[in-house]
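Each chain is listed here by its residues.
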Amino acid sequence: MDRVHDLVILGGGPAGYTAALYAARSGMDVTVLEKLSAGGQMGLTAQIDNYPGFPQGIDGFTLGQQMQAGAERFGARTLLAEVTAARLTGPVKELETSEGLLKARAVVLATGATPRHLGLAGEEALTGRGVNYCAACDGMFYKGKTVAVVGGGNSAVGDALLLARVAKEVILLHRRDTLRASSIYDKALAEAENLTIRWNTVVTELLHDQRLTGLALQDTVTGETDTLSCDGVFVSVGRAPATELFRGQVTLDPAGYVQADETTRTNLPGVFAVGDVRTKPLRQVVTAVADGAVAVHFAEEYLAQQGTP
Ligand code: NAP
């Protein structure tokens, strides 16, 4: 494992595979490290309608596979492995993985973000037994049943609308009285007859026997408490950046995202951050892929300055 790759990319989502495509096309020796399968969070999205070029939309899993295939066509490699430690400060970056040690002259951090939890008692134990984080993955288990969705952003509203197509009843629980989600959803929300929104509502307890049986709720304005019987809850309260591996080496912003500007350069020479893990105003597939291309532009410049090792 003494070989030193030009570029290793941590994460095989849209940002990671776009970086891989650009790097491979410009002749770099590039490897993508991916834990599970291509696509990252995008791979869990049932229908993507805001990525240009697909007039009927496309499912995120297929798009992820196609992005991987596009990069591999030019020689990018994928190593299915979990990264257990990263040493990024020196001129040769070292990545310890479940498949051995990898060395690279430059690294692109494309680890994305993972779903945030509510932090309630029993939440971990009830995951998969009524508590869910991915409507596209688990929605089908709730055909004809009653489900709650927690959150008020684009993900929560998208999840609620998706679930309304299979479940008997969907209750969207939002802690404020206005949605954060785009108004593009307003019409669909108004038309979904089996979907109701409970405003100013937080979940205070997960009620259960072996599985989730309901939720204890509290009105944030009046303080009144209530319970809601339901078969499942989908927690859709945003995502937290996956930065555990490089905390203490790479500068993070106060919200925990990697501090990198539009050049995607981090505080460490030769380390670039792309996609959802980077500080940015809009986290979308289209902005993630743009980051991937930009990162390789600056990685090439960096490698040229370093010269051949
Ligand atoms: P988000 O935009 O950060 O929204 C998170 C929602 O969860 C907010 O409504 C927030 O409430 C609520 N929340 C946070 N913590 C909570 C808690 N502990 N208890 C109850 N509610 C809580 O996250 P997201 O919806 O996952 O979206 C992430 C990014 O992906 C965004 O940039 C989004 O635009 C993008 N995205 C876009 C699309 C699309 O364009 N179709 C689809 C999915 C995601 P407050 O509103 O009170 O803060």
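Residues numbered from 1 in each chain as written. Predicted model: local features only at pLDDT ≥ 70, side-chain atom pairs only at ≥ 80, totals over all residues. Heavy atoms only, no water.

A. Seen up close, the overall build of the chain. The helix and strand inventory of the chain stands at seven helices and 17 strands. Across its three principal directions, the C-alpha atoms of the chain cover 65 × 40 × 30 Å. Long-range contacts, defined as pairs at least 24 residues apart, comprise 58% of the intrachain contacts of the chain with a sequence gap of at least 6. Per element, the accessible surface of the chain, about 15000 Å² overall, is 52% carbon and sulfur. Between the centroid of the 27 positive side chains of the chain and the centroid of its 34 negative side chains there is a distance of 3 Å. (Helix = DSSP H or I, 4+ residues; strand = E, 2+ residues; numbered from the N terminus. Contact = heavy atoms within 4.5 Å. Areas by Shrake-Rupley, 256 points an atom, 1.4 Å probe, with all protein chains shown as cover. Lys, Arg positive; Asp, Glu negative; His and termini not counted. Charge placed at Lys NZ, Arg CZ, Asp CG, Glu CD.)

B. Inspection of the environment of Leu 207 at higher detail. Along the chain, Leu 207 turns up in strand 12 (residues 201-208). In this structure Leu 207 comes out as partly exposed when scored by relative accessible area, which is 24%. In this structure, the C-alpha to C-alpha distance between Leu 207 and Leu 126, residues 81 residues apart in sequence, is 10.0 Å. (Buried < 20%, exposed > 50% of the residue type's maximum accessible area, 1.4 Å probe, protein only.)

C. A look at the packing of helix 1 (residues 14-25) against helix 7 (residues 285-306). Direction vectors running N to C along helix 1 and helix 7 enclose 35 degrees, while the axes themselves pass 7 Å from each other. Judged by the twist between their axes, the crossing of helix 1 over helix 7 is right-handed. Residues Pro 14, Ala 15, Thr 18, Ala 19, Tyr 22 and Ala 23 of helix 1 touch helix 7, and the partners they reach there are Val 285, Ala 288, Val 289, Gly 292, Ala 293 and Val 296. (Axes fitted to C-alpha atoms, helices over the stretch in contact; angles between N-to-C directions. Left-handed = near helix turned anticlockwise from the far one by under 90°.)

D. Representation of the site of the ligand. Surveying the vicinity of the ligand reveals 19 residues, the closest of which are Asn 154, Ser 155, Arg 176, Arg 180 and Gln 284. Between Ser 155 and the ligand, the recorded distance is 2.7 Å, taken from a side-chain N or O atom to an oxygen atom. At 3.3 Å, a side-chain N or O of Arg 239 approaches an oxygen atom of the ligand. Here the ligand loses 74% of its free accessible area of 910 Å² to cover by the protein chains. (Near = heavy atom within 4 Å. Polar contact = N/O pair within 3.5 Å; in protein donor to acceptor, adjacent residues only side chain to side chain.)

E. Main features of the sheet that holds strand 11 (residues 195-198). Strand order in the open sheet formed by five strands is 8-15-9-10-11, and the pairing between neighbours is parallel. Only two strands of the sheet have a single partner each, and these edge strands are strand 8 (131-132) and strand 11. Bridge count for strand 10 (residues 169-173) against strand 11 is four bridges, and the pairing is parallel. From the neighbouring strand, Leu 172 faces strand 11, where its bridge partner is Ile 197. (Pairing = 2+ DSSP bridges.)

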